[in-house]
Amino acid sequence: MSVERKIIHIDCDCFYAAVEMRDRPALRDVPLAVGGAAERRGVIATCNYPARRFGVRSAMSTRTALQRCPRLVLVPPDFQRYREASQAIHAIFLDYTDRIEPLSLDEAYLDVTGLSHCRGSASLMAQEIRSRIAAEVGITASAGIAPNKLLAKIASDWRKPDGQFVITPGEIDAFMCELPVARLWGVGKATAARLADMGAQTCAELQRWPLERLVQRFGKMGASLYRQCRGIDAREVVRERMRKSLSVEQTYAQDLADLEACLAALPVLVDDFAARFARSGAVGEHAEPLVRAKPVVKIKFDDFTQTTVEAAGAPTLSTFAALLRQGWARGARPVRLLGVGVRLDEAGPTQPELWD
Amino acid sequence: MQLLQAERDALLKPLATVTGIVERRHTLPILSNVLIRKAGDALSFTGTDLEIQIESRQSEGFSGDDFAITVSAKKFSDILRAIPDKTVVSLEEADGRLTLKAGKSRFQLQTLPAGDFPTLAVDTNLKATLRMPQGQLKALLGRVQYAMAHQDIRYYLNGLFVVTEGSHLKLVATDGHRLGFASTELSASFDKNEVILPRKTILELYKLLGDVDDEVAIDIAGNQVKFSFGTIVIHSKVVDGKFPDYNRVIPQNNDKLLTIDRTTLLSSLQRAAILSNEKFRGVRLVLTEGLLKILCNNNEQEEAQEEVEVAYQGAPLDIGFNIQYLLDVLTNLSAETLHFSFGDVNSSVLVTIPDNEHFKYIVMPMRI
């Protein structure tokens, strides 16, 4: 049995909105959201707590958000400033450990097992990190401290905003009993509904199901559920997480009526993607991909059905156009969103083409 | 009304011939059916996927009235297969249902009207008719068909490029990384014709051709090719697209010549392949004077090494390949000895049969 691990999950409180409020204190007490404009069919990326009281949520369409809160102040996202804040936070983490797994700009796991800071107390380290973020970056963060990633992430949500929560190894069983299964990793609406049908709404109820039965019903996910509902999670904190995909997408203010319109919209999107791809570190000095990149096209039709098509080959305009034709034929109706990108795979030997 | 009475095998054989291309699930339900038609004393079975149509016809004096009916190809052949051979089977039709009786078994199947069965409109713009022994065409296809692309976005590579030029028939297949070329002399001379035949047509044709001297006739029309042999007629649409210029990728100046026994190299590669990376399938060939070393390793850092003594006098070379591309050519040829001509580590290798201009195989190396 290995040493009991100590994992901290740090999660900034309504990060984009927090950065905006830090820079424009006048916005502090009004309902504020960062997102795209309603007339361009934008969605809410983040909103502050006053906005949440009106029922505004992230990923909600801006139109709906404005219906719920007509006084909502909407600001467009400024990723440059968010990235800077994120880097400043990352620098603070590095004062404690280099075993950091960033999940996004505002969220990360830290493995602080065996560190001597704060007399080895992970709770005190989390406390210190949070006060430094508040002092040096000017925003608040919440933390969860637990023996694994699953529990740390659940715990960081427990005292949000600007709070922290510890789950010690001895408390796991009691904590899990009351936990709704919907809090587990990989359990969305559909799985939660299936679990509810099985009479498993809390982890305690799910624990009554034997491993074989769960695997029978859910496949691989069943084994994961079996472990998760007992608070078991062996996943390591991975320092360099390999990017699995890179893409850009665009929701159009007006639906693209037909294939021709989609093809006409494609070059702008592909240029945008190419610029991101070039900056991503996935390409070398001479523009050769350092990883295997499989071109992918995503299409969302006006009836909200969506499809993705991918193929081997270089992510060029002509490949994307061929994929778009293929994908569009599946729905053959107006399109509200197009995305182009690549699925990235580990770099291996490369197989050059006969016709280069 | 009784349609037909015959021994099981007299139905199953022609049926199996046409069902290979029938898709089980299709948006058009009738495409999962087989068309059974009797006209005069000829009985025919037809299957189609709208790209390819295969008909198998027998004219062995079937009595009774003419009829045409369509029924699920899968269910019909599953039933026939499950019946002991030599059993006499009778087919009857009533109220749009087909009843199959065999001994004490009885099956009722749904049918769809034969009039709704889509048959390819025959392209009458005939450009050339080639004739050769079936066995010869089968051997020719066998030398190149494995190099066709599969579900490539460059759809024109998912097929076989067929060229007639003078008295030559040339077949070219490529997936963009390797290319197979095979040609043969024809007994007559033709204008230049170029068509791309779909992968599925080629695989089915290869399966159905016999290793016999009986003739196959190939009718090349504008957008269709028809193969007639024995009791079988295959109509196939051609792929609309431009096949890449294969002459451009045949290396001309490769100076490092390796002559090697095919089966020796094949066995060595098959052993080494056990430890090649499952995903990338890389193999390293290290050539020095008189010696070929074959090296494979996988993700688990396991390693295989093979040594073959060879008559090689060229400059040393350390080059990587997708091992499957090499295994493919070695397993699909029967020649005893092969020539490999290498250039540098970044240029393609040319595989040929000594004293034979009719076969070429080109593989791009892999950067390992």
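Calculation criteria
- Residues numbered from 1 in each chain as written.
- Chains lettered and ligands numbered in written order.
- Predicted model: local features only at pLDDT ≥ 70, side-chain atom pairs only at ≥ 80, totals over all residues.
- Heavy atoms only, no water.
- UniProt positions renumbered as here; feature names shortened; annotations may be inferred.
- Helix = DSSP H or I, 4+ residues; strand = E, 2+ residues; numbered from the N terminus.
- Buried < 20%, exposed > 50% of the residue type's maximum accessible area, 1.4 Å probe, protein only.
- Contact = heavy atoms within 4.5 Å.
- Areas by Shrake-Rupley, 256 points an atom, 1.4 Å probe, with all protein chains shown as cover.
- Buried area = accessible area lost by both parts, 1.4 Å probe.
- Salt bridge = Lys/Arg side-chain N within 4 Å of Asp/Glu carboxyl O.
- Phe/Tyr/Trp six-rings, centres within 6.5 Å; stacked < 30°, edge-to-face > 60°.

The name given to chain B in an unreviewed UniProt entry is Beta sliding clamp, and the organism recorded there is Jeongeupia chitinilytica. In its Sequence similarities (unreviewed entry) section, UniProt records this for chain B: "Belongs to the beta sliding clamp family." Turning to chain B, the UniProt annotation filed under Subcellular location (unreviewed entry) states: "Cytoplasm".

An unreviewed UniProt entry lists chain A under the name DNA polymerase IV, with Jeongeupia chitinilytica as the source organism. Regarding chain A, the UniProt comment filed under Catalytic activity (unreviewed entry) reads as follows: "DNA(n) + a 2'-deoxyribonucleoside 5'-triphosphate = DNA(n+1) + diphosphate". What UniProt states about chain A under its Subcellular location (unreviewed entry) heading is, verbatim, "Cytoplasm".

In this section: the overall build of chain B. Along chain B, the regular secondary structure elements total six helices and 23 strands. With 368 residues in all, chain B has 54% of them scored as buried. Here the analysis covers contacts within chain B between residues at least 6 apart in sequence; of these, 66% occur between residues at least 24 apart. Here chain B has roughly 17,300 Å² of accessible surface; of this, 45% comes from carbon and sulfur atoms.

Each side of the interface is counted separately: chain B has 23 residues, and chain A has 16 residues. For the chain B and chain A pair, buried surface summed over both sides reaches about 1,800 Å², with 62% attributable to carbon and sulfur atoms. Linking chain B with chain A are one salt bridge. Here B:Arg154 ties to A:Glu353 by a salt bridge, and the two come within 2.9 Å at their closest N and O atoms.

Residues and elements named next belong to chain A. Throughout the structure, instances matching the rule amount to 17 aromatic pairs over all chains. A ring pair is formed by Tyr16 and Phe79, whose centres lie 5.6 Å apart and whose planes are at 85°; its orientation type is edge-to-face. Of this pair, Tyr16 sits in helix H1 (residues 15-23) while Phe79 sits in helix H4 (residues 79-94), placing them 63 residues apart in sequence. We classify Tyr16 as buried; its relative accessible area is 18%. Relative accessible area serves as the criterion here: at 36%, Phe79 is assigned to the partly exposed category. Counting every residue linked through ring pairs, the aromatic cluster contains Phe15, Tyr16, Phe79 and Tyr82.

All names here are of chain A. UniProt marks Asp11 and Asp106 with the feature "binding site: Mg(2+)" (unreviewed entry), using the numbering shown here. These residues run over 96 residues, yet every pair of their C-alpha atoms falls within 6.0 Å of each other. Examined against the element boundaries, Asp11 turns out to sit in strand E1 (residues 7-12). Setting aside chain neighbours within four positions, we find Asp11 in contact with Asp106, Glu107, Ala141, Ser142, Ser156 and Lys160. Its place among the elements puts Asp106 in the loop between strand E5 (100-104) and strand E6 (107-111).

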